[in-house]
Structure formats: structure tokens, C-alpha cells
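# Structure assessment
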Amino acid sequence: VIAVKEKSRQLRDGELEAEENLETFLERIKLDNERVNAFIDVYPGIAREAAKEVDKKLEEGTAGRLAGLVIGVKSNICVNGYSATCSSKTLENFISPYDAEVIRRIRKEDGILVGMTNMDEFACGSSGETGYFGRVLNPIRPNYICGGSSAGSAAAIAAGLCDLALGSDTGGSIRNPASHCSIVGVKPTYGLVPREGLIDLAMSLEQIGPLSADTYGTALLMESIAGPSERECTVIDKPNLNYTKYSESEPDRFTLATCKQLDQITDRNIERKVSSAVDRLASAYNADVVEVSLPNVENALSAYYPIVFVEFFSATRKFDGRRYGHKIEDACGPEVGRRIYLGGHISQKEVRGKYYESALKLRGVISEAYEAAFKKCDAIISPTVPKPPHKIGDSLDPLEMYAYDMLTIPANLAGICAGVVPSNGSYNPDSVGIQIQCNRLQESKMFSIMGGYERLLDNRLC
Ligand code: GLN
């Protein structure tokens, strides 16, 4: 596997054709996908047509910034004419009638959309095991779960089945599988990336974001999909989207923070790797390291889950089986059923105040804690998932499963950005995800620290 930047250069300089690049991936998908189960649906015919067009543009010198790169899309994002099943029987035959805004942007930049990736059903999960089309395998650690819910997107990158992938992150669904599969993943600031055409899990927390084997790849996909949309008034207008530049430039002098409340709930072995990453970054870039406190962050799950249940309950009311698909309650698996049931219960007037409104209050308190912390530092470095992935087939109770998200959920509650880079390099089973959390709209800083860390590794991709 070569780095995304080098691949892009080869395509631009005519050393590699888009069609050739696509064929290589289609071949690998044919060989490996059955085992990994990363893609639910692949569209070789449509992708080949697109690649042919891109090759013409590459020759004319008019191709966009994703020219010829092969991209997998999580199955909760609409791609016109492709399936969007959310890995649920509910939508097993659903074909998207239009493109999500992020997909329109990818097409404009000449990315090649190869297919739809597997996921936890309706993005409810952290292991990649709950989809109707079967569990996803971790290509880096066979026999172990690959994490979720953007399981197939992470596994497709880790198995070398595409260059880039889109995922969605409501409480960690990009960062958790990126960490387990030793690749890079980014959850953007809430409101930076359009959500039109995303089949929501929880609209007030969720963002579409990129996965790639390297930081440059995530920065490239981010700068292609982020930014204001005429069709969606809630998207933040952020003029400076030059993320690839930041991912490659020496980070400005910065202050890193560690946070005991996040570290102390983490497996010792994972915590050790994160703390050595902090030391490496600090000494290489002469950064200051401070300790910050995030009061109540250990209660993040108690804020997150009631909010998710209520918003998910509301989002699923349209899946009543009348106009298309199956009625969700009749077709879904146990986790989705549990969330609908609890969301319905919490939404009732007499209990709303007790759970939902308290959850919103706690969310506010956690956001304020981050605000205060970012007055003292530029980035908070922490682990991504508190424990290593479990073996496929081991059964976890729901609370154990929810506990995987303890370290990723706080960023969604606060609406800040967070990126994950593998501690010991991509594809390396010894890696754990180093989570770099920065304040709202501080993606540039985040990418420069992520790229800066990657450059310190001897085994980085080139
Ligand atoms: N695992 C978390 C949940 O089940 C996060 C899911 C997500 O980010 N989509 O809600």
C-alpha cells in the first residue's frame, strides 16, 4: 500500500490510470471481501464508467483533487442508484434516489465511488457485529472485532480494498474502528460537514467524516466534503479548509494536555502507548505538556445514551413499512429494538424531564469543561478506546458494549473535532489509536499535530 499523496501524484503525473487503480481494488475486493465482509454492495460497472471519465480529465489536466482515488461509502449515506441499507433488514432493498451533499462534492472532485460498506445496524454499536449482512472482520487482527459502527469503512481501508472511505461518528463510530484497525479517522467539528443525505442515528451529535491509511488522506477527503452548503443552513461557514497543507506542515508551537479522568479508565497497556506518544510529540516539537481536568467527563455515557435514544426514536418513526421497506420494529435486531423502546419511553412527557432534560444539562456541563480546558491547551491527547477489541463471538452485555465509547463520546457531546492516528504506524497490530481532540473548528491545528506525529514514526507509509 502506498501513501495517498504519492498515489495522487502518480495519477496526476500519468504514471497510474484511474482505471488501473480501480481494477487493482476490484481484484482485491474479489479476493478478500467475502472473508472481511467490509463491502455490502460493490458497483464495478458504474465505477469503471466513472474511472474512464476521470482518466480523460486527468489527461486534459482538468481533474479535481480526489481524481482517480477509490472511495468506499458507509451504508447510511445516500449515493444515487446505490443501496443504502444501514445494514438493516428494514431497508434491505432500498436504493438511494439522490446523492448526499458529501457525495455530490466527491463526484465534483472526481473521486471514484466503488461501493457501500458494512456497518452496525443503523450505526448503533461499537463492534461491527450487529449488521443484518453479518459481522465485519478486523483485517489487522483476525479473529477480533474491528470496532464500529463504521466497521466496513475501517476494514476496507485496513484490508487495502479502497484508498479512502466515508464513515459517520455519533459517539465514536469513526474513531473506534480506526483505532482497532490501526488506521486514521477523523470526526469533524459538529456542523462543519453537511449531513443532507445521511440517514441519522442522532442528529445533534452526528458528523460524516473520513477514514484513510494516513493523515494526508483524511485531510484531503475532509477538505473536499467540508464547508457551507446552500441547501443546509446549519453548516458552518469556514473559509480556511486547506487541511492537506496543515497535515504536512510543521505544527506551530503548541501546548498538549493530558487528562487523568480519561486515562485512568483505560487499560494500562493502551495508556502506556498514549503516554509515550505524548512524550515523543512534546520532545520533537518542543511542546509544553499540561494536565487538564474535565469534570463530569466520566459521566458522559449518562448524557449521551438518553439523547441518542430519543433522537433515534424520532428519526426511525418514518420506517413504518407503509411506503417502503419493513416496519423497523418488525425487522430490526435487538440493539436497535432496545433503543427504539427506550427512546419511546424517555420521550413520554412524564419522564422526559427526568432523563432527557437532565441529559441535556449534563451535556452542557461537559461542553463547558472542554471550553475551560482549551483555554489552557491546544490539544488534548488521550486513548481512543479504553480496552482492546474482543474476540469475534464473545458476547458482551449492552453496558459493556457502551463502555467502549467512554473516551470518544465526550467530543460529540461538546461538538469539538477529534482525530485518531495509530501509535505505532498504520496496519501495525501493535498500534492503538492516539486521539487528538481540539476545540471547535480547530481542524487545521488537529491535522498538523496528527501529521506531525506520523512523521515521527520510522515505518510510515510513503
Ligand atoms: N457506539 C456508539 C453508539 O452505539 C456510537 C455510534 C456511532 O458513533 N454511530 O451509539
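Above this text is the structure in question.
Figured I'd write up the structure that's included with this text.

Definitions and limits used
Residues numbered from 1 in each chain as written. Predicted model: local features only at pLDDT ≥ 70, side-chain atom pairs only at ≥ 80, totals over all residues. Heavy atoms only, no water. Helix = DSSP H or I, 4+ residues; strand = E, 2+ residues; numbered from the N terminus. Rg over C-alpha atoms; globule rule 2.2 N^0.38 Å. Buried < 20%, exposed > 50% of the residue type's maximum accessible area, 1.4 Å probe, protein only. Contact = heavy atoms within 4.5 Å. Areas by Shrake-Rupley, 256 points an atom, 1.4 Å probe, with all protein chains shown as cover. Lys, Arg positive; Asp, Glu negative; His and termini not counted. Charge placed at Lys NZ, Arg CZ, Asp CG, Glu CD. Salt bridge = Lys/Arg side-chain N within 4 Å of Asp/Glu carboxyl O. Core = buried A, V, L, I, M, F, W, Y, C linked by side-chain atoms within 4.5 Å. Pairing = 2+ DSSP bridges. Axes fitted to C-alpha atoms, helices over the stretch in contact; angles between N-to-C directions. Near = heavy atom within 4 Å. Polar contact = N/O pair within 3.5 Å; in protein donor to acceptor, adjacent residues only side chain to side chain. Phe/Tyr/Trp six-rings, centres within 6.5 Å; stacked < 30°, edge-to-face > 60°. Parallel < 35°, antiparallel > 145°, perpendicular 65-115°, else oblique. Nonpolar A, V, L, I, M, F, W, Y, C, P; charged D, E, K, R; others polar. Disulfide = S-S within 2.5 Å.

Turning our eyes to something else, we now look at the overall build of the protein chain. A count of helical and extended segments in the protein chain gives 17 helices and 11 strands. The C-alpha radius of gyration of the protein chain comes to 20 Å, within 12% of the 23 Å expected for a compact globule of 462 residues. Here the protein chain, with 462 residues, has 63% of them falling under the buried criterion. The contacts in the protein chain between residues at least 6 apart in sequence include a share of 78% that link residues at least 24 apart. When the accessible area of the protein chain is evaluated, it comes to approximately 17,400 Å², of which 49% is carbon and sulfur surface. Positive and negative charge centroids in the protein chain, built from 52 and 62 side chains respectively, lie 4 Å apart.

Where charged atoms from two side chains of opposite charge come close, those side chains can pair. Scanning the entire structure with this criterion turns up 27 salt bridges. Asp110 is the salt-bridge partner of Lys57, the closest N and O atoms lying 2.9 Å from each other. Residue Lys57 is found in helix H3 (residues 44-60), and its partner Asp110 is found in the loop between helix H4 (101-108) and strand E3 (112-117); the two are separated by 53 residues along the sequence. The partner of Glu196 in a salt bridge is Arg231, and the shortest N-O contact between them spans 3.1 Å. Note that Glu196 is positioned in the loop between strand E5 (184-187) and strand E6 (207-212) and Arg231 in the loop between helix H7 (215-225) and helix H8 (243-248), a separation of 35 residues in sequence. When its relative accessible area of 54% is taken as the criterion, Arg231 is described as exposed. Three or more residues are tied together by salt bridges with common partners; here these are Glu101, Arg104, Arg105, Glu196 and Arg231.

What follows covers the nonpolar core. In terms of nonpolar packing, the biggest core is built from 94 residues, with Ile103, Leu166 and Ile436 touching the most fellow members. Core analysis: the next-biggest nonpolar cluster, separate from the first, contains 52 residues, Ala123, Cys124, Leu205 and Tyr305 among them.

Ordered in space as E1-E3-E2-E4-E6-E5-E10-E11-E9-E7-E8, the 11 strands form an open sheet in which the pairing is mixed. Each edge of the sheet is formed by a strand with only one pairing partner; in this case those strands are strand E1 (39-42) and strand E8 (288-291). When the angles between neighbouring strand axes are averaged without regard to direction, this sheet yields 25°. Alignment of E5 against E6, held across 2 bridges, turns out to be antiparallel. Considered in E6, the bridge of Val184 is made with Ser212.

Moving on, we come to helix H5 (residues 151-158). In terms of burial, H5 is largely enclosed, as 8 of its 8 residues are buried. Within H5, the full set of buried residues consists of Ala151, Gly152, Ser153, Ala154, Ala155, Ala156, Ile157 and Ala158. Immediately downstream of H5, the backbone of Gly160 shows phi near 70°, a positive value.

Next up on the list: the pairing of strand E11 (residues 433-438). Counted residue by residue, E11 has 6 buried out of 6 residues, so it is predominantly covered. Taking every second residue as pointing to the same face, both faces of E11 are buried, with Gly433, Gln435 and Gln437 on one and Ile434, Ile436 and Cys438 on the other. Here strand E9 (residues 379-383) runs beside E11; their pairing, made up of 4 bridges, is antiparallel. Considered in E11, the bridge of Ser382 is made with Gln435.

A few words on the site of the ligand. Surveying the vicinity of the ligand reveals 15 residues, the closest of which are Thr170, Gly171, Ser173, Tyr304 and Arg339. For the ligand, an oxygen atom lies 2.7 Å from a polar atom in the backbone of Gly171. Interatomic distance of 2.6 Å between a side-chain N/O atom of Ser173 and an oxygen atom of the ligand. A total of 290 Å² of accessible area belongs to the ligand in isolation, and the protein chains cover 100% of it.

Inspection of every chain in the model, using the stated rule, returns 11 aromatic pairs. Considering the side-chain rings of Tyr305 and Phe309, the 5.7 Å spacing of their centres and the 50° angle between planes classify their relative orientation as tilted. Linking Tyr305 with Phe309, this pair stays in helix H11 (residues 300-315), spanning 4 residues, or about one helical turn. Of the two residues, Tyr305 and Phe309, neither departs from the other in class, the shared state being buried.

Okay, the side chain of Thr408 next. With respect to the helices, strands and loops of the structure, Thr408 is situated in the loop between helix H15 (398-403) and helix H16 (409-414). Those residues in contact with Thr408, other than ones at most four positions away along the chain, are Gly171, Gly172, Arg175, Thr384 and Gln435.

Along the chain, the position of Glu298 falls in the loop between E8 and H11. Residue class for Glu298 comes out partly exposed when judged on its relative accessible area of 41%. Setting aside residues no more than four positions away along its own chain, Glu298 makes contact with Gln261 and Met406.

Below, the discussion takes up the packing of H11 against helix H13 (residues 334-347). Between H11 and H13, whose axes approach to 7 Å, the crossing angle comes to 95°. Between H11 and H13, the angle is such that the two are roughly perpendicular. For the pair H11 and H13, the contacting residues are Tyr305, Pro306, Val308, Phe309, Val310, Phe312 and Phe313 in the first and Val336, Arg339, Ile340, Leu342, Gly343, Gly344, Ile346 and Ser347 in the second. Classifying every residue of the contact of H11 with H13 gives 11 nonpolar, 3 polar and 1 charged.

Let us look at the state of the cysteines. Under the defined criterion, the tally for this structure stands at 0 disulfides. As a non-bridged cysteine, Cys78 has Cys86 as the owner of its nearest cysteine sulfur, 8.1 Å distant. Taking the relative accessible area as the measure of exposure, Cys78 reaches 4% and is therefore buried. Sulfur of Cys233: no disulfide; nearest cysteine sulfur belongs to Cys78 and is 19 Å away.

That's the geometry; what it means functionally is another story.
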